[in-house]
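# Survey of secondary and tertiary structure
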Amino acid sequence: MSVIGIDFGNESCYVAVAKAGGIETIANDYSLRATPACVAFAGRNRVLGVAAKNQQVTNMNNTIANFKGLLGRKYNDPYVQDELRTLPYRTEACPDGGIGIRVDYQDEEHVFTPEQIVAMLFTKLKDDAFKELKTQINDCVITVPSYFTNAQRQALLDAANISGLNVLRLMNETTATALSYGFYKQDLPAPEEKPRNVIFVDCGHASLQVSACAFHKGSLKMLASCSDSVGGRDFDMVLATHFNKEFQTKYKIDASSKKRAFLRLMAEVEKLKKNMSANSTKLPLNIECFMNEIDVHSSMQRSEMEELSAHLFGRIEATMRKLLADSKLTPEEIHSVEIVGGSSRIPAIKQLIEQIFGKSASTTLNQDEAVSRGAALQCAIMSPAMRVRDFTCTDVQAYPVLISWMDADGAHEMKVFDQYHATPFSRLLTVHRKEPLTINLHYEPNSVPYPDTFIGSYHLKGIKPDGNGEAQEVKVKVRINHHGIITISSATMYERKESEEPASPTPATNGDQQKGGEATQNASSPQGDESGKVGEPMDIQEDKKKKVTTKQVELTIDAKTHGFVHGELSKFFEEEMKMIANDRQEKERIDARNALEEQVYEVREKIQEDGVLHAYIDPQDAAAICRELEETENWLYEEGESCEKGVYKERLEKMRAKIEPVRNRCEEFSGHEQAFTELGHAVQQALKAVEQYRAKEPKYEHLTETEMINITEAAQKAQKWYEEARSKLVSVRKTEDPPVKLADIRHETQTLSTCTNSVLNRPKPKPPTPPADQQSNSATSGNAGQDAQSKATGGDPNAPKQTTEDSMDVE
């Protein structure tokens, strides 16, 4: 089991995995850590990630990019309309008011929702992680911008569900960055000390997020987070607009009139912008065959770019100053300012940071991968499959939330969550009602950068008056969950009943008191109830004759909010599974087609006059095969362009059946010389061993005459076969099958070698060992002689030895 963190960006995505050795960023099938957020449809298959990005210019109508901002929005949203004006692909309004993306797929027109497109991208990221980790991907944490609303967060959850991902948490990108920064810090202050306040500036492709975070040892708390929809693509648009105006004057061409030309211009100015971040000198811009076969040339300096983008830098400065005010921090209280995101590399943004916060921008974090690494850490902390040091993250709600309802007295409205309220969090509200009630949740007007402030409408069923016709108490739990999604999670009616039988008073326990853990923030600080009745015990009231008991009744809630219903999710999930299966089949079909095409080119090259197979094929057969190759090639590019896999495989097998005999002849004739050489060497080795035996070589003295005769006969037989085989091949043409096969030659060589080696490698017999009693006697007599000699010499080992021979005197 593996846990991953996904940084879902507007331009690129990163996937990080938590392992025993730490956090590692996964590379995709192009060995790149960044996977472009692109989905393309080419004919009968989908193209995802890098491959989709590579064909964006050539297949722009069916290549979907910059779709992150479309999640959870309506087609008539002014922001959406501004976005759609810059997108090259086709969009339309769906019956429910959502956004539909129209593409050509499998020779038909299909309309997909942004959630389905995101699910396709997640399928790619999931597949890359599976290939890299060689294990099933179960749990994940996906990051979202801190400014995402309820609708956008729910849309992202729906997209993950469609792709089959189990999302443990939707985590704000700002919080993931802070976790990535603080988790490994060993010098954070203790809980009772002043916190370390760090500012994080995340300027990416499509948005700017600036956040303030307070760190203690083992915990972090987000203080504030401000954002604006200004990012790297806005700088690209400024540069592209400038150069387009210049080209209109200089070359009389308008790139904005052709989407493909404007896409090329945007790609080139992006490269220029990145180069200007590292160079202050004037840099060139050259595009060949830009429009109407005209080459365009221009140049720009960093100072010119900063002057053109002054209004964007003004928005960035305003966002930073707003964060400083919202966080209530002074520059002296700020420990450091960390930057992440590709666009934070722009020097002017670094200068603004130093000017506003009084600290130079710090690059402690990996600017591209910090968010995904923080998400992987959070996933490891939450997953039961991993054991990780605990680190508490307290996030904030970006916008104030209001609750409203209607009753006999008219409309009522109250604020249930302030801006920057801690999350996750639950709040209990108490109302007294006789009949069913509808409660609406919405963001405070003008607090969100969207025209639609609606969160959800919740109809509470089952409310009725008590036995006396009086209103009954209803407790409603409004919750911000760990995904940052606001909802009414439960509603309970406390039904009072009177009984005539007297009974001893027994206190009844409030159900919400039993669930006090959910009614607190981080299970420690109590929540406030707007009516002042949160957690109030329900006592049994008893008079002399009547007893009043309270019964908790869970109410049914009909919710109308954002996101797909269960049936739609199931339908989209099945469609995604079908598309995955189709992608697999299409890949196999294309592989089969490519194999046939490769075979055509390979065979044609090898049977040509200078090819390796030319000498082994009859000219008439070669001409016939060449005609068939040409026919197959024409078929591949015409009616055979989109055949099924089986058709390609059948043609490939037929072609191989015709060329295989030629390949076999080539292999036979090419290998004969080496095989005969090996056989001749085996014969010589056998005869040489016989000669050495005749010459009484010591290493063969243990062999018998019969064995040598057998070796001699085997060698002579092999030599005779060798000579006959060579003679058979003398008059054989290379275009004919040889009468002697390589397998036959190798068989003869193996037979002779086995016969020879079985004899020559037989080990020498060991000399017989004398019986144990003889060895004992011999050892004893030897010792006795040594003892006698020792006595004769007086025990002196250096004394001269006495002999036992008799001496004769000679007179």
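Residues numbered from 1 in each chain as written. Predicted model: local features only at pLDDT ≥ 70, side-chain atom pairs only at ≥ 80, totals over all residues. Heavy atoms only, no water.

## Observations concerning the overall build of the chain
- Regarding its fold elements, the chain presents 18 helices and 33 strands.
- Taking all 811 residues of the chain together, 47% fall into the buried category.
- Put simply, the chain shows about 41,600 Å² of open surface, and 49% of that area lies on carbon and sulfur atoms. (Helix = DSSP H or I, 4+ residues; strand = E, 2+ residues; numbered from the N terminus. Buried < 20%, exposed > 50% of the residue type's maximum accessible area, 1.4 Å probe, protein only. Areas by Shrake-Rupley, 256 points an atom, 1.4 Å probe, with all protein chains shown as cover.)

## Considering the pairing of strand 13 (residues 196-203)
- Of all eight residues making up strand 13, eight are buried, and the element is well covered by its neighbours.
- Burial of the side chains of strand 13 extends over both faces: Arg196, Val198, Phe200 and Asp202 are buried on one face and Asn197, Ile199, Val201 and Cys203 on the other.
- With eight bridges joining them, strand 13 and strand 14 (residues 208-216) adopt antiparallel strand pairing. Considered in strand 14, the bridge of Asp202 is made with Gln209.
- With antiparallel pairing between neighbouring strands as the criterion, strand 13 and strand 14 make up a hairpin whose turn holds four residues.
- In this sheet, strand 18 (residues 334-340) lies alongside strand 13 in parallel orientation, the contact comprising six bridges. (Pairing = 2+ DSSP bridges.)

## A closer look at the side chain of Ser336
- With respect to the helices and strands, the residue Ser336 is situated in strand 18.
- A polar contact of 3.3 Å, which involves the side chain of Ser336, links it to the side chain of His335.
- Not counting the four nearest positions on each side in its chain, Ser336 is found in contact with Tyr181, Asn197, Val198 and Ile199. (Polar contact = N/O pair within 3.5 Å; in protein donor to acceptor, adjacent residues only side chain to side chain. Contact = heavy atoms within 4.5 Å.)

## Details of the pairing of strand 14
- For strand 14, the tally of buried residues reaches nine of nine residues, placing the bulk of the element in the interior.
- Covered by surrounding structure in strand 14 are Leu208, Val210, Ala212, Ala214 and His216 together with Gln209, Ser211, Cys213 and Phe215, the residues of both alternating faces.
- Across nine bridges, strand 14 lies against strand 15 (residues 219-228) in antiparallel orientation. The partner of Ala212 across the bridge, within strand 15, is Ala224.
- Adjacent in sequence and paired antiparallel, strand 14 and strand 15 are bridged by two residues, among which Gly218 carries a positive phi angle near 80°.

## Description of helix 15 (residues 645-694)
- Here helix 15 contains 50 residues, and its C-alpha end-to-end distance of 68 Å stays within 8% of the 74 Å for a straight helix at 1.5 Å per residue.
- At His672, helix 15 is bent by approximately 40°, the largest bend along its length.
- Immediately downstream of helix 15, the backbone of Lys696 shows phi near 60°, a positive value. (Expected span 1.5 Å × (residues − 1). Bend = angle between axes of the 7 residues up to and from the residue.)

## Focus: the nonpolar core
- Within the largest apolar cluster, 83 residues are counted, with the highest numbers of intra-cluster contacts made by Ile199, Leu265, Phe290, Met320 and Phe357.
- Considering every element that reaches this core, the biggest residue donor is helix 11 (residues 370-382), with eight residues.
- Leaving out residues up to four positions away in the same chain, Phe290 has contacts with Phe247, Ile253, Ala255, Ala261, Arg264, Leu265 and Val296. (Core = buried A, V, L, I, M, F, W, Y, C linked by side-chain atoms within 4.5 Å.)

## Here's the deal with the sheet that holds strand 19 (residues 361-362)
- Pairing within the open sheet is mixed, and its seven strands lie in the order 19-18-13-14-15-20-23. The two strands at the open ends of the sheet, each matched to only one other strand, are strand 19 and strand 23 (421-423).
- In this structure, strand 20 (residues 392-397) lies alongside strand 23, joined through three bridges in antiparallel fashion. By the bridge assignment for strand 23, Gln397 is matched with His421.
- Against the sheet, helix 10 (residues 347-357) touches strand 13, strand 14, strand 18 and strand 19, its axis set at about 165° to strand 18. (Axes fitted to C-alpha atoms, helices over the stretch in contact; angles between N-to-C directions.)

## Quick word on the environment of Ala206
- Along the chain, the position of Ala206 falls in the loop between strand 13 and strand 14.
- Taking the relative accessible area as the measure of exposure, Ala206 reaches 12% and is therefore buried.
- Spatially, the C-alpha atoms of Ala206 and Gly9 are 8.7 Å apart, while their sequence positions differ by 197 residues.
- Excluding residues within four positions of it along the chain, Ala206 makes contact with Asn10, Ser229, Val230, Gly231 and Arg233.

## Quick word on the confidence of the model for the chain
- Residues at a pLDDT of 70 or more form 88% of the chain, whose mean pLDDT is 87.
- Low confidence marks residues 506-543, where pLDDT is under 50. Its contacts with residues over four positions away, or in another chain, come to 75 contacts.
- Within the model, pLDDT remains below 50 along residues 778-811, and this stretch shows five contacts once partners closer than five positions in the same chain are excluded. (pLDDT = per-residue confidence, 0-100.)

## Describing the environment of Leu220
- Within the secondary structure, Leu220 sits in strand 15.
- Separated by 25 residues in the primary sequence, Leu220 and Pro195 place their C-alpha atoms 9.1 Å from one another.
- Beyond its immediate sequence surroundings of up to four residues, Leu220 is in contact with Thr175, Ala178, Leu179, Cys213, Ala214, Phe215, Phe391, Thr392, Cys393 and Thr394.

## Structural notes on the sheet that holds strand 10 (residues 108-112)
- Spatial strand order, 8-9-10: three strands in an open sheet with antiparallel pairing. The strands lining the two open edges of the sheet, one partner per strand, are strand 8 (90-93) and strand 10. Across the sheet, the axes of successive neighbouring strands diverge by a mean angle of 35°, strand direction being ignored.
- As paired elements, strand 8 and strand 9 (residues 99-105) share four bridges and run antiparallel to each other. Counted as the bridge partner of Arg90 is Arg102 from strand 9.
- Its contacts with the sheet place helix 3 (residues 114-133) against strand 9 and strand 10, and it is angled at close to 95° to strand 10.

## Focus on the pattern of salt bridges
- Scanning the entire structure with this criterion turns up 47 salt bridges.
- Put simply, Arg604 and Glu633 hold a salt bridge, and the shortest N to O gap is 2.9 Å. Placement of Arg604 in helix 13 (residues 566-607) and of Glu633 in helix 14 (residues 619-636) is noted, with a sequence separation of 29 residues between them.
- Within the structure, one salt-bridge network assembled from shared partners comprises Arg90, Glu92, Arg102, Asp104 and Glu109. (Salt bridge = Lys/Arg side-chain N within 4 Å of Asp/Glu carboxyl O.)

## Details of the packing of aromatic side chains
- If you walk through the whole model with that rule in mind, you get 20 aromatic pairs.
- Each ring, one from Phe183 and one from Phe391, has its centre 5.9 Å from the other, and the planes form 55°; the classification is tilted. One end of the pair, Phe183, is in the loop between helix 5 (173-182) and strand 13; the other, Phe391, is in the loop between helix 11 and strand 20, with 208 residues separating them in the sequence. For the pair formed by Phe183 and Phe391, the shared burial category is buried.
- Three or more aromatic residues joined by ring pairs form one cluster here, namely Phe243, Phe247, Tyr251 and Phe290.
- Here Arg389 stacks its cationic end above the ring of Phe183, 4.4 Å away from the centre of that ring.
- The cationic tip of Arg651 hangs over the ring face of Trp635; the distance from NZ or CZ to the ring centre is 4.0 Å. (Phe/Tyr/Trp six-rings, centres within 6.5 Å; stacked < 30°, edge-to-face > 60°. Lys NZ or Arg CZ within 6 Å of the ring centre and 35° of its normal.)

## Some words on empty space enclosed by the protein
- Counted under the stated rule, the structure contains four cavities of 30 Å³ or more.
- Considering the residues around the largest cavity, the lining is formed by 20 residues, among which Arg153, Asn172, Val396, Thr423 and Gly484 are closest to the centre.
- A total of four residues in the lining of the largest cavity trace back to one element, the largest contributor, which is strand 12 (residues 166-172).
- Residue composition of the lining of the largest cavity, grouped by class: nine nonpolar, eight polar and three charged. (1 Å grid on protein atoms, 1.4 Å probe; cavity = no way out; pocket = protein on both sides within 12 Å on 5 of 7 lines; lining within 4 Å. Points joined across faces, edges and corners; volume = space filled by probe spheres on them. Nonpolar A, V, L, I, M, F, W, Y, C, P; charged D, E, K, R; others polar.)

## Quick notes on the side chain of Thr149
- As for its placement among the helices and strands, Thr149 is situated in the loop between strand 11 (137-144) and helix 4 (150-162).
- What Thr149 contacts, discounting residues up to four positions off in sequence, is Tyr399, Tyr443 and Tyr450.

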